[in-house]
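Examining the three-dimensional arrangement
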Amino acid sequence: MADMIEMQLQLMELDQFDIYWIHNVWDAPHWTEELAKYFEGKDNVPLLGVSNHNLAEIKQANEILKSHGLKLSAVQNHYSLINRSSEASGILDYCRENDITFFAYMVLEQGALSGKYDTSHPMPEGSARAETYNPVLDKLEVLNAELKKLADKYHVGPAQIPVAWAIAKGTLPIIGVTKTGHVEDAVKAANVALTAEETAELERVADNLELNVIRFWEKEMK
C-alpha cells in the first residue's frame, strides 16, 4: 500500500491526494486495513472513502478505520433518479448520521437523463450505455419530459435538474467535465433549489417506470 501511494504521488508530483478510495469491494477489508495502517498517526489525514460498498460493507470499513484512530469520510455509489438503492438501503441516512460525504456518480445515467436522447434519437449503437438505455428510451421519455418542465421553470437545461435533485438529497454529485460549458452548467445546477414537492414528484415519476439500470460492475445496495 505504501509503495503504491508513494509511487502515484511521485508520478503526479504531489505531496498528498485530497481523497483516497477503496474503489471496489474485492478483498476490501484487507486494503482498508492497509490504508489505515499507512495513515495511522499521521497529521493532515485526507478523506478516506469507499466506493460501490453496501451498508454492511461501509460500516465494516468505518470500524476498521476507527480501530486505527481514523474515520470513514466518503462513500461513492451509483445514485440517480432511476437508481436510488443507496437511499432505500439506509446508506444515505448512515452517511448523514456519521458525517460522511456521499458522492453520487452517474447522476445523469451517462446522458440518459440529459434530454439529449429519445426513441427518435437513440444512443449510438455498439456502446454499453446504448445496450442499457436504448431499450427503455420510451420510459425515459416520460421522466425527461418532467425534467424539461422544471428546466424551463428554472431557466436551465434538462441535464441540470437531475444534478440539482442530487444536491437537494444531500449528496455531492460527480460531474464529468471536458469543456468550459460543463463547468458552467454545473454551477447553474448548484443554483437550482428544487422544492420538496418537486423532488417528490420527480421520484414518483421515476419510481413508476420500474427501471433496473444496475451495471455489470455494480450491485444493488441492500
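The text that follows walks through the structure, step by step, so that each part is easy to find.

Moving on, we get to the packing of helix α2 (residues 28-39) against helix α3 (residues 55-66). For any two helices packed against each other, one specifies the inter-axial angle together with the distance between the axes. Two elements in contact, α2 and α3, have axes separated by 9 Å at closest approach and are oriented at 30 degrees. What the angle tells us is that α2 and α3 run roughly parallel. When the axes of α2 and α3 are compared, the crossing they make is right-handed. Across the interface between the two elements, P29, T32, E33 and A36 of α2 pack against Q60, A61, I64 and L65 of α3. When its residues are assigned to classes, the contact of α2 with α3 shows 5 nonpolar, 2 polar and 1 charged.

To continue, consider the sheet that holds strand β3 (residues 74-78). Read across the open sheet, the 5 strands follow the order β1-β2-β3-β4-β5; overall the sheet is parallel. Strands at the two margins of the open sheet, each flanked by one partner only, are β1 (19-22) and β5 (172-173). Where β1 and strand β2 (residues 47-51) come together, 4 bridges link them in parallel fashion. Bridge pairing in β2 places I19 opposite L47.

Okay, the packing of aromatic side chains next. Per the stated rule, a full pass over the model turns up 6 aromatic pairs. Residues F17 and Y20 carry aromatic rings whose centres are separated by 5.7 Å and whose planes lie at 70 degrees to one another, so their mutual orientation is edge-to-face. Judged by its relative accessible area of 21%, F17 falls in the partly exposed class. Given a relative accessible area of 9%, Y20 falls into the buried group. Judged by centre distance (4.9 Å) and plane angle (65 degrees), the rings of Y20 and F39 are edge-to-face. Note that Y20 is positioned in strand β1 and F39 in helix α2, a separation of 19 residues in sequence. Take Y20 and F39: they sit in the same class, and that class is buried. Three or more aromatic residues link up through ring pairs in this structure, and these residues are F17, Y20, Y38 and F39.

This part takes up the pairing of strand β4 (residues 101-105). Among the 5 residues that make up β4, 4 are buried, leaving the element largely enclosed by the rest of the structure. As judged from the 5 bridges shared by β3 and β4, these two strands associate in the parallel manner. When the bridges of β4 are listed, Q76 appears paired with F103. When β4 meets β5, the two strands line up parallel, connected through 2 bridges. Note on β5: the bridge partner recorded for F103 is L172.

So, on to the environment of V177. Tracing the backbone through its elements, the reader meets V177 in the loop between β5 and α9 (180-190). What V177 contacts, discounting residues up to four positions off in sequence, is H182 and V183.

The rules behind the values
- Residues numbered from 1 in each chain as written.
- Predicted model: local features only at pLDDT ≥ 70, side-chain atom pairs only at ≥ 80, totals over all residues.
- Heavy atoms only, no water.
- Axes fitted to C-alpha atoms, helices over the stretch in contact; angles between N-to-C directions.
- Helix = DSSP H or I, 4+ residues; strand = E, 2+ residues; numbered from the N terminus.
- Parallel < 35°, antiparallel > 145°, perpendicular 65-115°, else oblique.
- Left-handed = near helix turned anticlockwise from the far one by under 90°.
- Contact = heavy atoms within 4.5 Å.
- Nonpolar A, V, L, I, M, F, W, Y, C, P; charged D, E, K, R; others polar.
- Pairing = 2+ DSSP bridges.
- Phe/Tyr/Trp six-rings, centres within 6.5 Å; stacked < 30°, edge-to-face > 60°.
- Buried < 20%, exposed > 50% of the residue type's maximum accessible area, 1.4 Å probe, protein only.

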